[in-house]
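# Descriptive analysis of the structure
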Amino acid sequence: MEKKNREEELLNTAAKLFRMKGYDATSISDIAAALGIRKSSLYHYISTKSDLLYRISKDTLEELLQGALEIKKQDLPSQEKLLKLVENHIRLLTRGLDRYATMLRELDSLEEEKRMELVSLRDGYERVLRETLQEGIKEGAFREIDSKIIGFAILGIMNWLIRWYKPGGAYSPSDLAKVYGDFILKALEKKK
């Protein structure tokens, strides 16, 4: 297996175990056993277990931020941008459920320097969402709201999917994006 594929398999396996057992309760031996390789072979790819958590979290946050920045650049009304942000978030989260759950639950397990780097990425993502909400207020599409608190609320309802979403279940990611998007827009709607 080529190195890139093996690294992806390693990250996916670690994320799955971190999600199931928790970061602290998962050992390097557990990860090696799940991959069917010797523990010493893992050190070809990583130096520490913390490296895995960092990579999983960084890749996840960069993916979210990159998607949000692409949406932000589009010449669209704020409601459409917000719907696209919701759709992108739900699509990425449901596609990488183990990785997103790991990042959301275990970020505080990282050393201060690495955690602060990732918090900066997370803050950048949240900033795009807040700016979209503020644009909507300026355009008259959204009622007057506290964009920071409402941004947290929107992220909260989407991120809660890590607790109950089942791939192949009754709701597809596009179904969820539609329902969540409609709900969020209705809640933000300026009263006539």
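Before any of the text, the structure's been laid out above.
On a predicted model such as this, the values are computed, not experimentally measured, just so you know.

### A few points about the packing of aromatic side chains
This model, assessed by the stated rule, comprises two aromatic pairs. Their ring planes at 70° and their centres at 5.1 Å tell us that phenylalanine 18 and tyrosine 23 sit as a pair that is edge-to-face. Over the aromatic face of tyrosine 54 sits the side chain of lysine 114, whose NZ or CZ is 5.3 Å from the ring centroid.

### Side note on the nonpolar core
When a protein is soluble and globular, its nonpolar side chains tend to lie buried together. In this structure, Phe18, Ile31, Leu52, Leu82, Ile90 and Phe142 are the most contacted members of the largest nonpolar core, which totals 57 residues. With nine residues, helix H4 (residues 49-73) is the largest single contributor of residues to this core.

### Remarks on the side chain of serine 57
Positionally, serine 57 belongs in helix H4. Residue classification places serine 57 among the buried residues on the basis of a relative accessible area of 0%. For serine 57, the residues in contact, after removing those within four places along its chain, are Met103, Leu107 and Leu118.

### Points about the layout of surface pockets
Empty space left among the atoms is revealed by rolling a probe the size of a water molecule over them. Space inside the largest pocket adds up to approximately 230 Å³. The wall of the largest pocket is formed by 17 residues, among which Met103, Leu104, Arg122, Glu126 and Asn159 lie closest to the centre. Listed by contribution, the elements that provide at least two residues to the lining of the largest pocket are H4, helix H6 (97-106), helix H7 (112-139) and helix H8 (147-159). No other element matches H6, which puts five residues into the lining of the largest pocket. The class makeup of the residues in the lining of the largest pocket is nine nonpolar, three polar and five charged.

### With respect to the side chain of threonine 132
Here threonine 132 is to be found in helix H7. Classification of threonine 132 by relative accessible area gives buried; the value is 2%. Setting aside its immediate chain neighbours within four residues, threonine 132 contacts Ser78, Lys81, Leu82, Leu85 and Phe142.

### Details of the environment of glycine 156
Of note, glycine 156 is situated in helix H8. Among the residues examined, glycine 156 registers a relative accessible area of 37% and is labelled partly exposed. For the pair glycine 156 and tyrosine 54, spaced 102 residues apart in sequence, the C-alpha to C-alpha distance is 22 Å.

Criteria and thresholds
- Residues numbered from 1 in each chain as written.
- Predicted model: local features only at pLDDT ≥ 70, side-chain atom pairs only at ≥ 80, totals over all residues.
- Heavy atoms only, no water.
- Phe/Tyr/Trp six-rings, centres within 6.5 Å; stacked < 30°, edge-to-face > 60°.
- Lys NZ or Arg CZ within 6 Å of the ring centre and 35° of its normal.
- Core = buried A, V, L, I, M, F, W, Y, C linked by side-chain atoms within 4.5 Å.
- Buried < 20%, exposed > 50% of the residue type's maximum accessible area, 1.4 Å probe, protein only.
- Helix = DSSP H or I, 4+ residues; strand = E, 2+ residues; numbered from the N terminus.
- Contact = heavy atoms within 4.5 Å.
- 1 Å grid on protein atoms, 1.4 Å probe; cavity = no way out; pocket = protein on both sides within 12 Å on 5 of 7 lines; lining within 4 Å.
- Points joined across faces, edges and corners; volume = space filled by probe spheres on them.
- Nonpolar A, V, L, I, M, F, W, Y, C, P; charged D, E, K, R; others polar.

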